[in-house]
Amino acid sequence: MQELSTLLIPAADQIERPGKYLGVGTSFESRLVQKIKKQSHDSVSLQGVFVATPNGLLLSGSHEAIHDPRKVEEHMRQGLKKWPKLSAVEKFLSRDEFAEAAVELGIAEEKSQYPHDGLVLSSICRDLPRSTTPDTSPDRNAYNLDYAWFRKDEARAFVPTQTVKGSRHIVPRNLVERLACFHFVDLVRGHTSSYPKDAVERAELSAEVIDVKGELLSLHFMGRTRTSEVHNGVHIEGKWNAPGPGIPKLQTRGVDAKLEGQAVYDLKKERFVSFTLIALSSRWGGNAYNGRLNERDFGPAPMGIVLELAGKSRAEQVPPLFFGPEGPYRVGGSSYGWK
Amino acid sequence: MKKFVSGIIAITLLCGTGIVQCADSNSLPLLSTEHAQCRAQVLPSSSEQSFCRIAWRTSILQGIVDAQNNDKPVMIVLMNGHPLGCT
């Protein structure tokens, strides 16, 4: 199996993100994806797993494979079986096409807002046990992953100005609000909407210097956030549910999170060398996109979110979910430090 | 989605070398018991994170260019939301 995985180039991407619309776009990348998808004769969704040649000849693939690892393996084997039988013309982009692809890739990489000198955290969320009896329902152990980005100056704002043991510091509210609006949300089983600024009832986080060893500051974080929204009658897909059996007449959603964490900041290198922030929370509400509608699982129910320092690999440079069509970290006309 | 990817990887793509820095289980002495327990319950196990061991390209274009340069086919995973981020 290890050999199988190294015989092709694995690439994962989202169908739509700011400036990129693979399903309808006219970029080189979009046209290639549309070409591959067209050959699958599957109009259900652009989502799927496809093995193809660099010039877009579909070798094997389907939408259904995303739900079945055995189908993925079969597509890989089918694709690899066909590959050696193809001529170079059938497999590869022409010189001009490849040049166009390379130029487009270079432009895309230049546009990346990844904060190389800032703070990048992975944000992992999962339902917490609701009773002492193990829950064996299929999705009960699901988790999801997102990333939180902070520029260098924003990262420094988590650190007390006075760098002596016992110093305390209030982390600027806009940074904590940003966490509450975009990262302390129920993504356990899919997507949901971010919270608007006026849904933030609490956004408090303090840092205390616990120890100083040379240039290294050990910090302890404590805090609380609470977001709460009530359906105002305007239906928003992916946020509220249409009326129906088991849907509360007055829909609400929110997350109440008790925060604690610890970190080590290198004053000389001006960066965190470790960072953990845990949101022990109660969440309520839910919709079809985040999987709560099907089971009418509207809570309140316990959910944990853990933010930790991410690595530097390509896979960990994926932008935060809410670098969305409105713009990075923007919701309802409110901007949180990014353009 | 992570469950899906983990499932795929567990069955089909068992790679040996770590590409992504996965979460470790280092102790965090400053945390309260309830927050430390929450962290332990939330962070994925190594088997759940086995998809991290694949040298994923994070865009189709990057995959296509690398496939051409390496004389290999490309395997594309397309989702609403990034399959390596939030899906």
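Scoring rules and cut-offs
Residues numbered from 1 in each chain as written. Chains lettered and ligands numbered in written order. Predicted model: local features only at pLDDT ≥ 70, side-chain atom pairs only at ≥ 80, totals over all residues. Heavy atoms only, no water. Contact = heavy atoms within 4.5 Å. Buried area = accessible area lost by both parts, 1.4 Å probe. Salt bridge = Lys/Arg side-chain N within 4 Å of Asp/Glu carboxyl O. Buried < 20%, exposed > 50% of the residue type's maximum accessible area, 1.4 Å probe, protein only. Helix = DSSP H or I, 4+ residues; strand = E, 2+ residues; numbered from the N terminus. Pairing = 2+ DSSP bridges. Axes fitted to C-alpha atoms, helices over the stretch in contact; angles between N-to-C directions. Core = buried A, V, L, I, M, F, W, Y, C linked by side-chain atoms within 4.5 Å.

Asks: Provide a residue-level description of the interface of chain B and chain A, including the pertinent values.
Replies: Residue-level contacts link 65 residues of chain B with 90 residues of chain A. Of the roughly 7000 Å² buried between chain B and chain A on both sides combined, carbon and sulfur atoms contribute 65%. Summed over the shared surface of chain B and chain A, the result is four salt bridges. For E48(B), the salt bridge goes to R126(A), with nearest N and O atoms at 2.8 Å.

Asks: Run through helix α3 (residues 60-70) of chain B, naming residues and quoting values.
Replies: Burial runs high along α3(B): nine of the 11 residues are buried. All of the buried residues in α3(B) are I60(B), L61(B), Q62(B), G63(B), I64(B), V65(B), D66(B), A67(B) and Q68(B). Looking at the buried residues of α3(B), the elements they touch are β1 (9-14), α2 (28-39) and α5 (95-110) of chain A together with β1 (74-79) of chain B. Two residues or fewer after α3(B) comes D71(B), characterised by a positive phi angle close to 55 degrees.

Asks: Pulling in residues and values, what's your account of the sheet that holds strand β9 (residues 200-213) of chain A?
Replies: Overall, antiparallel pairing links the eight strands, which are arranged β7-β6-β13-β12-β11-β10-β9-β8 (chain A) in an open sheet. The open sheet has two free edges, formed respectively by β7 (143-150) and β8 (168-170) of chain A, since each of these has just one partner strand. Each adjacent strand pair in this sheet contributes to an overall mean axis angle of 15 degrees, direction not counted. As judged from the 12 bridges shared by β9(A) and strand β10 (residues 216-230) of chain A, these two strands associate in the antiparallel manner. Across the sheet, residue V200(A) finds its bridge partner in β10(A), namely T227(A). Against the sheet, helix α7 (residues 173-183) of chain A contacts β6 (119-127), β7, β9, β10, β12 (271-284) and β13 (301-309) of chain A, and its axis sits at roughly 120 degrees relative to β9(A). Helix-sheet contacts for helix α2 (residues 33-42) of chain B involve β6, β11 (252-266), β12 and β13 of chain A, and the interaxial angle to β12(A) is about 90 degrees.

Asks: Break down the nonpolar core for me, with residues and values.
Replies: Among the nonpolar cores identified, the biggest contains 89 residues, and F158(A), F184(A), F221(A), F272(A), F275(A), L277(A) and M75(B) are the most heavily contacted of them. Counting 24 residues, the second largest nonpolar core, distinct from the first, contains L93(A), I64(B), V65(B) and A67(B).

Asks: Which residues make up the environment of Q162(A), and what values do they have?
Replies: Residues and elements named next belong to chain A. Mapped onto the elements of the fold, Q162 is located in the loop between α6 (152-156) and β8. On the accessibility criterion, Q162 (53% relative accessible area) is exposed. Expressed as a C-alpha distance, the spacing of Q162 and I66, which sit 96 residues apart in the sequence, is 51 Å. Not counting residues within four places of it along the chain, the set of residues in contact with Q162 comprises S167 and V209.

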